[in-house]
Amino acid sequence: MAWGAALCAGGSVWLLGGRARVRELRRARLVLAVPGTVGPGPLWHRAVAVVRDRFGGRVGSEVWVLVGGLAVAVLGESMVPLVAGAVGVPLTGRLRRAREARRERERRTDAVIALCGALAGEVRAGRQPGEALRTATEGLTVGRADTRAPELTGSGRSVGRGLGGEWAGVLAAARFGGDVPGALREAAREPGAEGLLGLAACWRVAVDRGAGLATGLERLEGALRAERDQRSDLRAQLAGARSTAVLLAGLPALGLLMGSALGARPLWVLLHTGAGFGCLLVGGLLEGAGAWWALRIMRKAAG
């Protein structure tokens, strides 16, 4: 019964936290299916689909922390792991959102670098700055596989989409003769798009003083690319320290598994005896403090 309850809980979380790609493929099959070949399906299947579509976008992978706490609670016959898992869900969600924000910031930085290179090429080809900006935005895509060569076409995503919603104002200003440097400064407020401040400065100098826009854009692209490569190298150097911290953080779980394999019943000792519960609290505090300190050191080094 205990294992059945754990499996049911895991199945429920899987239904709620289904991947967006699965939902998109299911919708595509329904839209592109030939009439009469795909029926509505049984009632329970449709109910599951409705629940997944409604809650799948809100539930992230951090729910698995709650599932793990539930499994440990069932094995240890205590509610303490379940409460700890519930407390860990918002913390894990915060880490996930921070990771997604960092990836979005990196994609936006790649989009700015690619835009500077494409815009410089369009200007050298004889296009006017406004027309060159529109052409570079419409035709350039940022590749996903090679971060050191973002000017790949075919499987990337539009630079305009990568620069955020403020980029529409930049294109409107370029099309109708508005304040393009001001629109660029507004778009530069997005995390990762700070390089657009340099593009605004180059644009202002080229328009007001007749300086070469292509030369300034090429220098700006080189500077932004060098800064990105420096961050990548630093992140690679810190990868070893981060892996060591993760390994050390997982050692207590390995100790519990080894104790269970030897028949020592460590979960029962930790959850059902006073001395064990005290050791669990002290160990958890020390574990959290150690992880926080290690991450703080790495963030300070990266900064």
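Structure: above.
Analysis parameters
- Residues numbered from 1 in each chain as written.
- Predicted model: local features only at pLDDT ≥ 70, side-chain atom pairs only at ≥ 80, totals over all residues.
- Heavy atoms only, no water.
- Helix = DSSP H or I, 4+ residues; strand = E, 2+ residues; numbered from the N terminus.
- Buried < 20%, exposed > 50% of the residue type's maximum accessible area, 1.4 Å probe, protein only.
- Contact = heavy atoms within 4.5 Å.
- Areas by Shrake-Rupley, 256 points an atom, 1.4 Å probe, with all protein chains shown as cover.
- Patch = residues over 30% accessible without salt bridge, like charges linked within 9 Å, V, L, I, M, F, W, Y side chains within 5 Å.
- Salt bridge = Lys/Arg side-chain N within 4 Å of Asp/Glu carboxyl O.
- Lys, Arg positive; Asp, Glu negative; His and termini not counted.
- Charge placed at Lys NZ, Arg CZ, Asp CG, Glu CD.
- Core = buried A, V, L, I, M, F, W, Y, C linked by side-chain atoms within 4.5 Å.
- Expected span 1.5 Å × (residues − 1).
- Bend = angle between axes of the 7 residues up to and from the residue.
- Polar contact = N/O pair within 3.5 Å; in protein donor to acceptor, adjacent residues only side chain to side chain.
- Disulfide = S-S within 2.5 Å.
- Axes fitted to C-alpha atoms, helices over the stretch in contact; angles between N-to-C directions.
- Parallel < 35°, antiparallel > 145°, perpendicular 65-115°, else oblique.
- Left-handed = near helix turned anticlockwise from the far one by under 90°.
- Phe/Tyr/Trp six-rings, centres within 6.5 Å; stacked < 30°, edge-to-face > 60°.
- Nonpolar A, V, L, I, M, F, W, Y, C, P; charged D, E, K, R; others polar.

Chemist: Any details on the overall build of the chain? Residues and values, ideally.
Modeler: Counting its regular elements, the chain contains 13 helices and 2 strands. Across the 303 residues that make up the chain, the buried fraction comes to 28%. Put simply, 59% of the contacts in the chain that link residues at least 6 apart link residues at least 24 apart. Carbon and sulfur atoms make up 63% of the accessible area of the chain, which totals about 19000 Å².

Chemist: Could you give an account of a positive patch on the surface, naming the residues involved and the relevant values?
Modeler: Side chains of Arg99, Arg102, Arg103, Arg105 and Arg242 sit close together on the surface and give a patch of like positive charge. Counting residues per element, the positive patch draws most heavily on helix H5 (residues 80-124), which supplies 4 residues. Within the element layout of this structure, arginine 103 appears in helix H5.

Chemist: Pulling in residues and values, what's your account of the pattern of salt bridges?
Modeler: Applying the stated criterion across every chain yields a total of 13 salt bridges. Notably, a salt bridge pairs arginine 228 with aspartate 110, separated by 2.9 Å at the nearest N-O pair. In this pair, arginine 228 sits in helix H11 (residues 213-261) while aspartate 110 sits in helix H5, placing the two residues 118 residues apart along the sequence. On the basis of relative accessible area, aspartate 110 is assigned to the buried category, the value being 10%. Across the pair arginine 127 and glutamate 131 runs a salt bridge, and its minimum N-O distance is 2.9 Å. One salt-bridge network, held together by shared partners, links Glu104, Arg107 and Arg108.

Chemist: Just give me the short version of the nonpolar core, but keep the residues and values in it.
Modeler: One finds Leu115, Leu119, Leu133, Trp167, Leu184, Leu196 and Leu199 to be the most contacted residues of the largest nonpolar core, which totals 33 residues. Counting only elements with at least two residues in this core, the list comes to H5, helix H6 (129-139), helix H8 (167-176), helix H9 (180-187), helix H10 (196-209) and H11. With 8 residues, H5 is the single largest residue contributor to this core. Apart from residues lying up to four places away in sequence, leucine 199 is in contact with Leu115, Leu119, Leu184, Leu217 and Leu220.

Chemist: So what's going on with H11? Residues and values would help.
Modeler: Its 49 residues place the ends of H11 69 Å apart at the C-alpha level, agreeing with the 72 Å of an ideal helix rising 1.5 Å per residue. The largest bend in H11 comes to about 35 degrees, at leucine 251, with the proline proline 252 one to four residues further on. Of all the residues in H11, the buried ones are Leu213, Ala214, Gly216, Leu217, Leu220, Glu221, Leu224, Arg228, Leu238 and Gly259. Just past H11, the residue glycine 263 takes up positive phi, approximately 80 degrees.

Chemist: Summarise the side chain of threonine 109; cite the residues concerned and give the values.
Modeler: Inspection of the secondary structure assignment puts threonine 109 in helix H5. By relative accessible area, which is 14% here, threonine 109 ends up buried. Of the polar contacts made by the side chain of threonine 109, one reaches the backbone oxygen of glycine 192; its length is 3.0 Å. When near neighbours in sequence (up to four residues on either side) are disregarded, threonine 109 contacts Gly192 and Arg231.

Chemist: Pulling in residues and values, what's your account of the state of the cysteines?
Modeler: Applying the stated rule across the entire model yields 0 disulfides. Lacking any disulfide linkage, cysteine 202 is separated from the closest cysteine sulfur, that of cysteine 116, by 7.6 Å.

Chemist: Help me get a handle on the packing of H5 against H11, residues and values and all.
Modeler: Running from N to C, H5 and H11 point in directions that differ by 155 degrees, and their axes come no closer than 9 Å. The angle between H5 and H11 places the two elements in the roughly antiparallel class. Both H5 and H11 take part in a crossing whose hand is left-handed. For the pair H5 and H11, the contacting residues are Glu106, Thr109, Asp110, Val112, Ile113, Cys116, Gly117, Leu119, Ala120, Val123 and Arg124 in the first and Leu213, Ala214, Thr215, Leu217, Glu218, Leu220, Glu221, Leu224, Arg225, Arg228, Arg231 and Arg235 in the second.

Chemist: I'd love a proper account of the packing of aromatic side chains, names of residues and values included.
Modeler: A full pass over the atoms with the stated rule returns 1 aromatic pair. Measuring from centroid to centroid gives 6.0 Å for tryptophan 292 and tryptophan 293, while their planes differ by 50 degrees, and the two rings are tilted. Here tryptophan 293 falls in the partly exposed class, since its relative accessible area comes to 47%.

Chemist: Please provide a residue-by-residue account of the packing of helix H4 (residues 63-76) against H5, values included.
Modeler: Where H4 meets H5, the closest approach of the two axes is 8 Å, and the angle between their N-to-C directions is 170 degrees. Between H4 and H5, the angle is such that the two are roughly antiparallel. For the pair formed by H4 and H5, the contact residues are Val65, Leu66, Gly69, Leu70, Val72 and Ala73 on the first element and Pro81, Leu82, Gly85, Ala86, Gly88, Val89 and Thr92 on the second. Looking at side-chain class alone, the contact of H4 with H5 contains 9 nonpolar, 4 polar and no charged residues.

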